[in-house]
Amino acid sequence: MKELCTLYARWAGVDPERVTPLTQAGSNRRYYRMQSAGHPSVVGVVGTSRDENHAFVYLSRHFERRQLPVPQVLAVSGDELRYLQTDLGDRSLFDALSGGREAGGRYNVEEQQLLVRTIRTLPEIQIRGARELDFSHCYPQPRFDEEGVLFDLNYFKYCFLKPTDIDFHELKLEANFRLLAKDLVADDAHSFLYRDFQARNVMLDGDGNPWFIDYQGGRQGPYYYDVASFLWQASARYPNKLRRRLVAEYYDALSKVTEVPSKRQFVSRLSLFVLFRTLQVLGAYGFRGYFERKRHFIESIPPAMDNLREMLGGDYPYPYLIDLLKRLTELPQFAPRERPAAVRGDGFRITTVNPYEPHPTDGPATYSKYDGKGPLVVRVYSFSYRKGIPEDESGNGGGYVFDCRSTHNPGRYEPYKKLTGLDEPVIRFLEDDGEILTFLDHIYSLADAHVERYIQRGFTSLMFSFGCTGGQHRSVYSAQHLAEHIHQKYGIEVHVCHREQNISQTFTAIEK
């Protein structure tokens, strides 16, 4: 951390006033948001692999020269283990699509438009980004090749196939693996293969435009791979109709920047990469789930098997492999309605069967009288516990009430006694102390999940209340920040009332 702050000071001319750790991704690199007055927020990165960092820095600077939507690298340490990049914010495409995922793949118009915009931008980085690019800088290898394909296919064999105890002829399977590998590398590809193109690696600006990150594993290779990786992401559950639309949008955008095969040839080639990518993903899920016992990966196996089951209706020239995969999908633990239960570390079993799927014995569904009315309006209050919890004017029961009294109280200090949580000195006190930030991080996660579900169901009212001793500092700060957070993220109408301060404010809904 000291070395990263030194790098920041060398770039900005001042030490960072605030350094906030960001959620760590799948790699060993650590990310920090670094801020100081008079300078834009930047992201500091600390990596453990010089070669991986070098690949990211080289690719970022190359893509920037080609005016592609990627973060700008601002400064790099001499050993290349640390660097600074522009801050693209906190809203990823993955976050923006959460409603559609949670609705089982029912994506609304706005979410579909974000997907279209992203998939149409992908050819820019694949084709324009590959021009004059020196692939020798790529990590861990410069190009997509047969050896790498066979490594991934054997990863599937050892980490997923063998743990199922299904019987198979290993030499026949290896022969089909080699045929598939030769077919996958048959193209004389000159494009940039992103390798890890997924919704988590796409950030959205205020206008919903996509910006790309985490491409340091990219290399020279066929563009089909990224399309398969993105559209057949198991957890996304994109319906076939939406997938077909997005493939068509990609094909149209690709044809504007390079020569393309016929649509029939394109779809045929894409199907091979969908098959390969699905096996590759199952290998990773097998290792992370069966061996490391990570719940998320165990829960990701059923939708990945659904993808595999769907694609096996295609015409593939690998008879033994396809027959084996069909037998695999017919195993009881992978049956569509009889998914295996995961076991938590505490010994409790966790079913992965969808409890919302209808069953003949369920009878007709009943609904709340508030379903489908909409739009949602959120009310946020600050209050003093001495004067009681605010009444709920909507009649829905009052929602959430959070007690801020566990956090450091600026009201105990003379300089802040006549100020409120809206005043800059109090804000600086609370944020420098940091307890209120950790407190709110947990509340944001809870509030986001609740707001998203209420929007999906068409509910009209939700209430949050924050109490502290006097309803002046901590509760005011928390209520104001949650109100701004919800309005900024979801664009819905939010009313904030600081009851003891006689201050009210309305954030009007953003027209879409």
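Look a little higher up for the structure.
A quick note: this is a predicted structure, and the numbers were derived from the prediction, not measured.

What counts and how
- Residues numbered from 1 in each chain as written.
- Predicted model: local features only at pLDDT ≥ 70, side-chain atom pairs only at ≥ 80, totals over all residues.
- Heavy atoms only, no water.
- Pairing = 2+ DSSP bridges.
- Helix = DSSP H or I, 4+ residues; strand = E, 2+ residues; numbered from the N terminus.
- Axes fitted to C-alpha atoms, helices over the stretch in contact; angles between N-to-C directions.
- Salt bridge = Lys/Arg side-chain N within 4 Å of Asp/Glu carboxyl O.
- Buried < 20%, exposed > 50% of the residue type's maximum accessible area, 1.4 Å probe, protein only.
- Core = buried A, V, L, I, M, F, W, Y, C linked by side-chain atoms within 4.5 Å.
- Contact = heavy atoms within 4.5 Å.
- Parallel < 35°, antiparallel > 145°, perpendicular 65-115°, else oblique.
- Left-handed = near helix turned anticlockwise from the far one by under 90°.
- Phe/Tyr/Trp six-rings, centres within 6.5 Å; stacked < 30°, edge-to-face > 60°.
- Lys NZ or Arg CZ within 6 Å of the ring centre and 35° of its normal.
- Nonpolar A, V, L, I, M, F, W, Y, C, P; charged D, E, K, R; others polar.
- Disulfide = S-S within 2.5 Å.

Backbone hydrogen bonds hold the strands of a sheet together, and the pairing may be parallel or antiparallel. Spatially, the five strands line up as an open sheet ordered E1-E2-E3-E5-E4, and their pairing is antiparallel. Looking at strand neighbours, the two that pair on one side only are strand E1 (18–21) and strand E4 (73–76), the edges of this open sheet. If you compare each strand with its neighbour and ignore which way they point, the axes differ by 25° on average. Sheet topology note: the strand E3 (residues 39–46)/strand E5 (residues 82–86) ladder contains five bridges and is antiparallel. Counterpart to Val 42 in the pairing with E5 is Thr 86.

Summed over all chains, the structure comprises 26 salt bridges. When the shortest N-O distance is used, the salt bridge between Asp 448 and Lys 489 registers 2.9 Å. Remark: Lys 489 occurs in helix H15 (residues 474–490) and Asp 448 occurs in helix H14 (residues 435–457); sequence separation between them is 41 residues. Among the residues examined, Lys 489 registers a relative accessible area of 32% and is labelled partly exposed.

With that settled, consider the nonpolar core. Grouped together as the largest cluster of nonpolar side chains are 96 residues, with contacts concentrated most on Leu 275, Leu 308, Leu 325 and Leu 328. Here this core takes eleven residues from helix H10 (residues 263–291), the largest share from any one element. When sequence neighbours within four positions are dropped, the list of residues in contact with Leu 308 reads Leu 275, Thr 278, Leu 279, Leu 282, Leu 325, Leu 328 and Thr 329. In terms of nonpolar packing, the next biggest core, distinct from the first, is built from 33 residues, Leu 376, Tyr 454, Leu 462 and Ile 486 among them.

Bringing the packing of helix H11 (residues 295–311) against helix H12 (residues 319–329) into the picture now. At a closest axis distance of 10 Å, the pairing of H11 and H12 adopts a crossing angle of 135°. What the angle tells us is that H11 and H12 run oblique. At the point where H11 passes H12, the crossing takes the left-handed sense. Counting all contacts with H11, which are made through Met 305, Leu 308 and Arg 309, the residues of H12 involved are Leu 325, Leu 328 and Thr 329.

Further remarks concern the sheet that holds strand E12 (residues 377–384). Spatially, E13-E14-E12-E15-E16 is the arrangement adopted by the five strands of the open sheet, whose pairing is mixed. Since the sheet does not close on itself, it has two edges, and those belong to strand E13 (400–403) and strand E16 (503–507), each with one partner. Within the sheet, the average angular offset between the axes of one strand and its neighbour, ignoring direction, is 15°. Pairing of strand E15 (residues 493–498) with E16, which is carried by five bridges, proceeds in the antiparallel orientation. Following the sheet pairing, Val 496 is matched in E16 by Gln 505. This element, H14, spans E13 and strand E14 (461–468) of the sheet and lies at about 165° to E14.

The next point concerns the packing of aromatic side chains. The geometry of two aromatic rings is summed up by the distance between their centres and the angle between their planes. The full count for this structure, using the stated rule, is 33 aromatic pairs. Relative to Tyr 238, the ring of Tyr 107 lies with its centre 5.3 Å away and its plane at 45°, an arrangement referred to as tilted. Highlighted residues: Tyr 107 in the loop between helix H4 (98–102) and helix H5 (109–128) and Tyr 238 in the loop between helix H8 (224–231) and helix H9 (240–255), separated in sequence by 131 residues. Note on accessibility: Tyr 107 and Tyr 238 belong to one class, buried. On the basis of an interplanar angle of 15° and a centroid distance of 5.6 Å, the ring pair of Tyr 224 and Phe 273 is categorised as stacked. Of the two residues, Tyr 224 is situated in helix H8 and Phe 273 in helix H10; the sequence distance between them amounts to 49 residues. Across this residue pair, the class does not change: Tyr 224 and Phe 273 are buried. Aromatic ring contacts, followed pair by pair, group Phe 56, Phe 63, Tyr 83, Phe 192, Tyr 194, Phe 197, Phe 212, Tyr 215 and Phe 230 into a single cluster. Here the guanidinium or amino end of Arg 200 rests over the ring plane of Phe 94, the centre of that ring lying 3.8 Å away. The side chain of Arg 405 reaches across the aromatic face of Tyr 385, ending 3.9 Å from its centre.

Take the pairing of E4 next. Bridge count between E4 and E5: three bridges; the pairing is antiparallel. The partner of Ala 75 across the bridge, within E5, is Leu 84. Two successive antiparallel strands, E4 and E5, enclose a turn made up of five residues, where Glu 80 displays a positive phi of approximately 60°.

Packing of helix H6 (residues 146–161) against helix H7 (residues 170–184) leaves a shortest axis separation of 9 Å and a crossing angle of 140°. Looking at the two axes, H6 sits oblique to H7. Once H6 is placed against H7, the crossing between them reads as right-handed. When H6 is examined against H7, the residues Glu 146, Val 149, Leu 150, Leu 153, Asn 154, Phe 156, Lys 157, Tyr 158 and Leu 161 are found in contact with a partner set consisting of Glu 170, Leu 173, Glu 174, Phe 177, Arg 178, Leu 180, Ala 181, Lys 182 and Leu 184. Residue classes in the contact of H6 with H7 are distributed as eleven nonpolar, one polar and six charged.

The next thing to look at is the state of the cysteines. Counted under the stated rule, the structure contains zero disulfides. Of the cysteine sulfurs around Cys 468, a residue in no disulfide, the closest is that of Cys 404, at 6.0 Å. Looking at Cys 468, the relative accessible area reads 2%, which means it is buried.

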